[in-house]
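Structural description and commentary
One letter stands for each residue in the lines below.
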Amino acid sequence: MAFQTVARLRNVSLAADELHLSQSAVSVQIASLEEAVGAALTVRTGRGVRLTEAGELLLGHAERLLALWQEASDDMASFLGPFSGSLRVGAVSTAEYF
């Protein structure tokens, strides 16, 4: 998802903000993906990043995979009924109240 967000926003910092991650965490995810596929997916520019040819190719697949995953999740939620699904709760460990 980090790759898709960086590709859409063309900026690692903006993607990190949107994903509620640090810039370095997003950069590590992109680097890990590049290592896994064996090709550079992004190139840093003066204004952010742009996708390489390999990045453009992978983006199409990533979008289809994420859409398919969402469709499967929706189908399972419908199958299991209105009281199924996942609940994600986040907290900051430095917060005064949880």
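All of these numbers come straight from a predicted model, not from anything done at the bench.

Calculation notes
Residues numbered from 1 in each chain as written. Predicted model: local features only at pLDDT ≥ 70, side-chain atom pairs only at ≥ 80, totals over all residues. Heavy atoms only, no water. Helix = DSSP H or I, 4+ residues; strand = E, 2+ residues; numbered from the N terminus. Buried < 20%, exposed > 50% of the residue type's maximum accessible area, 1.4 Å probe, protein only. Lys, Arg positive; Asp, Glu negative; His and termini not counted. Salt bridge = Lys/Arg side-chain N within 4 Å of Asp/Glu carboxyl O. Polar contact = N/O pair within 3.5 Å; in protein donor to acceptor, adjacent residues only side chain to side chain. Contact = heavy atoms within 4.5 Å. 1 Å grid on protein atoms, 1.4 Å probe; cavity = no way out; pocket = protein on both sides within 12 Å on 5 of 7 lines; lining within 4 Å. Points joined across faces, edges and corners; volume = space filled by probe spheres on them. Nonpolar A, V, L, I, M, F, W, Y, C, P; charged D, E, K, R; others polar. Axes fitted to C-alpha atoms, helices over the stretch in contact; angles between N-to-C directions. Parallel < 35°, antiparallel > 145°, perpendicular 65-115°, else oblique. Patch = residues over 30% accessible without salt bridge, like charges linked within 9 Å, V, L, I, M, F, W, Y side chains within 5 Å. Areas by Shrake-Rupley, 256 points an atom, 1.4 Å probe, with all protein chains shown as cover.

The next thing to look at is the side chain of Glu 34. Relative to the helices and strands, Glu 34 resides in helix α3 (residues 23–37). Buried Glu 34, no salt bridge; nearest opposite-charge side chain is Arg 44, N-O distance 8.1 Å. In terms of polar contacts, Glu 34 uses its side chain to reach the backbone amide nitrogen of Leu 41, at 2.8 Å. Apart from residues lying up to four places away in sequence, Glu 34 is in contact with Ala 39, Ala 40, Leu 41 and Thr 42.

With that settled, consider the layout of surface pockets. To find leftover empty space, a probe the size of one water molecule is rolled over the atoms. In this structure, the largest pocket encloses a volume near 160 Å³. Met 1, Ala 2, Phe 3, Gln 4, Gln 29, Ile 30, Leu 33, Leu 58, Ala 62, Leu 65 and Leu 66 together form the lining of the largest pocket. Put simply, the parts of the chain that give the lining of the largest pocket at least two residues each are α1 (2–9), α3 and α4 (53–80). For the lining of the largest pocket, the element with the most residues is α4, which contributes four residues. The class makeup of the residues in the lining of the largest pocket is nine nonpolar, two polar and no charged.

What follows covers the pattern of salt bridges. All chains considered together, the criterion is met by two salt bridges. One salt bridge connects Glu 56 with Arg 10, and the closest N-O pair in it is separated by 3.9 Å. Of the two residues, Glu 56 is situated in helix α4 and Arg 10 in the loop between α1 and α2 (12–19); the sequence distance between them amounts to 46 residues. Note on Glu 56: relative accessible area 42%, which makes it partly exposed.

Glancing now at the packing of α2 against α3. Two numbers describe how α2 lies on α3: the axes approach to 8 Å, and their chain directions differ by 105 degrees. On the basis of the axis angle, α2 is roughly perpendicular to α3. Residues Val 12, Ser 13, Ala 16 and Leu 19 of α2 form the contact with α3, whose participating residues are Gln 23, Val 26 and Ser 27. Its residues assigned to classes, the contact of α2 with α3 shows four nonpolar, three polar and no charged.

Here we come to a nonpolar patch on the surface. Judged by side-chain polarity, Met 76, Phe 79 and Leu 80 come together as a nonpolar surface patch covering roughly 360 Å² of accessible area. Note that Phe 79 resides in helix α4.

The values reported here are purely geometric and, on their own, carry no functional implication.
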